[in-house]
Amino acid sequence: GIVCAVEGLISATTLVWRDAPMLYLVFLARHVSGEPTPDGLETNAAAFWGLDDLRRMPFDGQNAFLAERILTGQAGLLKPFSPSAWHPMYRTTYA
C-alpha cells in the first residue's frame, strides 16, 4: 500500500533455512506516499514503527537487530564498487 524510494543496500546476509541456502538482502527505503496495508497473502499486518515501538514489541532476531541500527543511525549504506573492478558478468558488487 505504499510507494517508496530505495536509497541503497544496508545488509546482505546468508543463512540456511529448511536445509536450503538463502540470501537475505535489506534495502533502505524512504516513504513517498500511501499507507501500509497487508496484502492478506504474504503480509498479515503492516504499520510504520518508530524506535520506541520497536523496543516495546516482542520482536527479535535479525530484523530487530537491523531495525534498531537503522533507527538509531548506526547502519550505513553499503557502497557499490565500480563495475570495472570486477568480471564483466557482474553488474554491481557491494562491500
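Starting afresh in each chain, residues are numbered from 1 along the sequence in its written order. Side-chain atom pairs in this predicted model are given and counted only at pLDDT of 80 or more, local residue features only at pLDDT of at least 70, and totals for whole chains, interfaces and linings cover all residues. Water and hydrogen atoms play no part in the side-chain values, which are based on all heavy atoms of the structure.

Explain the overall build of the protein here, please?
For the protein, the helix and strand inventory stands at two helices and two strands. Categorising residues by exposure relies on relative accessible area from a 1.4 Å probe, with only protein chains included: less than 20% of the type maximum marks a residue as buried, more than 50% marks it as exposed, and the intermediate range marks it as partly exposed. When each of the 95 residues of the protein is scored for burial, the buried share is 11%. Contact definition: two residues touch when any of their heavy atoms are within 4.5 Å. Across the protein, every contact between residues at least 6 apart in sequence was considered, and the portion connecting residues at least 24 apart equals 40%. The accessible surface values rely on the Shrake-Rupley method and a 1.4 Å probe; as for residues, cover is taken only from the protein chains in view. In the form shown here, the protein has an accessible surface area of approximately 7700 Å², with 57% of it arising from carbon and sulfur atoms. The helix count covers DSSP runs of H or I at least four residues long, the strand count covers runs of E at least two residues long, and both are numbered beginning at the N terminus.

In this structure, what is going on with unusual backbone geometry? I would like to understand it.
Negative phi is the rule for most residues except glycine; trans is the rule for most peptide bonds. Even without glycine at this site, Arg 18 takes up a positive phi of about 55°. Relative to the elements of secondary structure, Arg 18 occurs in the loop between β1 (2-17) and β2 (20-34). We note that Asp 19 has phi near 65°; this positive angle belongs to a residue other than glycine. The topology assignment puts Asp 19 in the loop between β1 and β2.

Any chance you could explain the pairing of β1 here in plain terms?
For a regular strand, side-chain orientation follows a simple rule: the groups alternate between the two sheet faces. Relative to β2, β1 is paired through 14 bridges, and the arrangement is antiparallel. The residue bridging Val 6 from the neighbouring strand is Ala 29, located in β2. In sequence, β1 turns back onto β2 through a hairpin of two residues, with Arg 18 there showing a positive phi of about 55°. Following DSSP output, two strands are said to pair if at least two bridges run between them.

Mind showing me how you'd approach the pattern of salt bridges here?
Side-chain pairing between opposite charges can occur once the charged atoms of the two side chains come close. Only one rule defines a salt bridge in this text: a Lys or Arg side-chain nitrogen within 4 Å of an Asp or Glu carboxyl oxygen. For the structure on display, the rule yields three salt bridges. A salt bridge links Arg 30 to Glu 7; the shortest N-O distance between them is 3.1 Å. Of this pair, Arg 30 sits in strand β2 while Glu 7 sits in strand β1, placing them 23 residues apart in sequence. Classification of Arg 30 by relative accessible area gives partly exposed; the value is 45%. Residues Arg 55 and Glu 68 are paired through a salt bridge, measuring 3.0 Å at the closest nitrogen-oxygen approach.

Mind showing me how you'd approach a nonpolar patch on the surface here?
Among the surface-exposed residues, Val 6, Leu 23, Leu 25 and Phe 27 lie close enough to one another that they form a single nonpolar patch of about 410 Å² accessible area. If you tally residues by element for the nonpolar patch, the top one is β2, at three residues. Counting through the fold element by element, Val 6 comes out in strand β1. Of the residues examined, Val 6 reaches a relative accessible area of 56% and is grouped as exposed. The residues that make up patches have over 30% relative accessible area and no salt bridge, and they are joined within 9 Å when like-charged or within 5 Å when they are Val, Leu, Ile, Met, Phe, Trp or Tyr.

Would you take a moment to explain the side chain of Ser 11 for this structure?
Positionally, Ser 11 belongs in strand β1. Engagement of the side chain of Ser 11 in a polar contact is seen with the side chain of Thr 13, the distance being 3.2 Å. Excluding its chain neighbours within four sequence positions, the residues that come into contact with Ser 11 are Tyr 24, Leu 25, Val 26, Gln 62, Leu 66 and Leu 78. Identification of polar contacts relies on pairs of N or O atoms within 3.5 Å, with a donor-acceptor requirement for protein atoms, meaning one able to donate a hydrogen and the other able to accept it, and with residues adjacent in sequence counted only if both atoms are side-chain atoms.

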